[in-house]
Amino acid sequence: MMKFSRTAALGLLLASSLATAQTPYTDDSTYRGLGGKEGIKKIVDTFVPMLLADPRIKESFADFDMVQLNVRLQEQFCEFAGGPCKYTGKYRDKTMDGVGTVRDMATVHQDLKITNAMFNALAEDLQIAMEQNNVPSSVSNKLIAKLAPMQRAIVTTTVAQTKPDLGKFLATGGVSQVEGAGGGGITPWALISGYGTRDSWSANAHYTYIDTQDYKLNSYGVAVGIADRLEISLAKQEFKGSLAPLNLLNIKQDILGLKLKVAGDAVYEQDNWMPQVAIGVLYKRNKGIGGLGALGVTNVTQLGAKDDHGYDYYVAATKILFEQSLLLNGTLRATRANQMGILGFGGDKGDSQRLMPEVSAAYLVNRKLAVGAEYRRKPHNLGVDNEKAYYDAFVAWFPSKNFSVTAAYAELGDITIFNPKKQHGLYLSLQAGF
Ligand code: HEM
């Protein structure tokens, strides 16, 4: 009984927090950051012509009074930003003026057949309009934080597309992590790779290069995101020694990944704490060791690993906090992989799936640039390898939805086999997709 009431209370708490409507900022710093009434007018004067020129959404506005829309948007942005304005349009919401609903955002937009891609296109135009009016990104993200939850009221339509729609916000597919999944550099995130919305799909390819004192790691592969829900990835890793006696060392591994978004949305749920949650599996097959033939070593099992293949299972939670311009991710992975599987699976010191935490945090410098850091704990199963955690500090640049570059300083701990030195160095990753 006790247990039930606790669960019920938790459920109620969750439901009430999910139902919280967006309320305007109570201080006026965002309003001032937007340049006050004058600044907001300039932004909307830039924004409205962009809507009318944007092939993704212009048809929706064909039959409406744009002069009126311009005035209403100014009022709405000003009020949400904490400015001294009252929205006087068709939209009334009891959280804003206490009057009660006359015609809320859902009613205003209900006949317009708006999809997620259209909603995002409009928000993207607004971001660009703010950029063009020199609004700092930390301020424009604060306004986006207030508008993003309106997706639940405004988006009423799904239209299955056979073509990729590139409809998600820039950077919200993450980059390609070193095992091929969508995420940060070393950690899978709950984000589904690429820019396909729930109505569409997307595909991308990546190439990643890591260069430490004694080793190099190349990873390349492809990922497909389907309906912003399912991700399928395939990556090939090639690990090479670059210093004697391991200068001929060469270990290859193939990784097949599946990820399923199971709850939440990293972008739209800005008015509650619920993150986007995904579960995933990575099937890894080590393809053997080259270059150690003189020692008679051709398979990771000869280095003490129990297996040359294995599964990683993970659950990831990702939250984008536009108000703080932050992306946070926590991943919990059950694994028996040694150095991601490059040194096989299990060993003399341990052979069970062990739970390992991974965390990432990124600051969204602007629409196209994020800087951050990651930490990934790993099991220590092999006596011959003093395996330690991975860390990195990264800069990710998204010049367009078709291309991104991630550069990082990566700290890969001791990758021991004969060179017992800390391995750190450059990480560079390119992703191209549609
Ligand atoms: C965060 C997203 C959005 C916000 C904040 C927003 C805000 C507004 C506001 C304040 C109005 C004025 C209502 C009034 O007259 O009082 C409006 C009307 C309108 N919006 Fe949106 N909107 C959003 C998304 C969209 C999208 C994605 C479309 C279509 C692609 C769209 C199309 C329209 C149209 C056509 C009208 C005129 C409707 C009418 O006058 O009856 N809106 N919107």
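It should be emphasised that the depicted structure is a prediction, and the values quoted were computed from it without experimental measurement. (Residues numbered from 1 in each chain as written. Predicted model: local features only at pLDDT ≥ 70, side-chain atom pairs only at ≥ 80, totals over all residues.)

Attention shifts here to the overall build of the protein. Looking only at helices and strands, the protein features 9 helices and 14 strands. In terms of C-alpha radius of gyration, the protein reaches 25 Å, essentially the compact-globule figure of 22 Å for 434 residues. By principal-axis analysis of the C-alpha atoms, the protein measures approximately 80 × 55 × 40 Å. The proportion of buried residues among the 434 residues of the protein is 44%. (Helix = DSSP H or I, 4+ residues; strand = E, 2+ residues; numbered from the N terminus. Rg over C-alpha atoms; globule rule 2.2 N^0.38 Å. Buried ≥ 20, exposed ≤ 12 C-beta atoms within 10 Å, placed from the backbone.)

In this structure, Leu-34, Ile-43, Phe-77, Ala-81, Leu-122 and Leu-143 are the most contacted members of the largest nonpolar core, which totals 76 residues. With 8 residues, helix 7 (residues 116-132) is the largest single contributor of residues to this core. Here this core spans two domains, and each of domain 1 (12-154) and domain 2 (175-433) adds at least three residues to it. If sequence neighbours within four positions are ignored, Ile-43 has contacts with Leu-34, Ala-129, Met-130, Asn-133 and Val-135. (Core = buried A, V, L, I, M, F, W, Y, C linked by C-beta atoms within 7 Å. Domains from an automatic or database assignment. Contact = placed C-beta atoms within 7 Å.)

Right, let's talk about the sheet that holds strand 4 (residues 215-226) for a bit. Strand order in the closed barrel made by the 12 strands is 3-4-5-6-7-8-9-10-11-12-13-14, with antiparallel pairing throughout. Across this sheet, the average inter-strand angle for adjacent strands is 20 degrees, counted without regard to direction. (Pairing = 2+ DSSP bridges. Axes fitted to C-alpha atoms, helices over the stretch in contact; angles between N-to-C directions.)

Here we come to the domain arrangement of the protein. In terms of domains, the protein is made up of domain 1 (12-154) and domain 2 (175-433). For domain 1 versus domain 2, the separation of C-alpha centres amounts to 37 Å. At the junction of the two partners, domain 1 supplies 19 residues and domain 2 supplies 18 residues. At the level of secondary structure, the elements contributing two or more residues to the side of domain 1 that touches domain 2 comprise helix 1 (2-19), helix 7, helix 8 (137-147) and helix 9 (151-154). For the side of domain 1 that touches domain 2, the element with the most residues is helix 8, which contributes 6 residues. Tallied by class, residues from the side of domain 1 that touches domain 2 come to 6 nonpolar, 10 polar and 3 charged. (Nonpolar A, V, L, I, M, F, W, Y, C, P; charged D, E, K, R; others polar.)

Contact geometry of helix 3 (residues 36-53) with helix 4 (residues 66-80) gives a least axis separation of 9 Å together with a crossing angle of 135 degrees. Accordingly, the angle class assigned to the pair helix 3 and helix 4 is oblique. Note on packing geometry: the crossing formed by helix 3 with helix 4 is right-handed. On the side of helix 3, the interface is formed by Lys-37, Ile-40, Lys-41, Val-44, Val-48 and Leu-52, while helix 4 contributes Met-66, Leu-69, Asn-70, Leu-73, Gln-74, Phe-77 and Cys-78. Counted by class, the contact of helix 3 with helix 4 contains 9 nonpolar, 2 polar and 2 charged residues. (Parallel < 35°, antiparallel > 145°, perpendicular 65-115°, else oblique. Left-handed = near helix turned anticlockwise from the far one by under 90°.)

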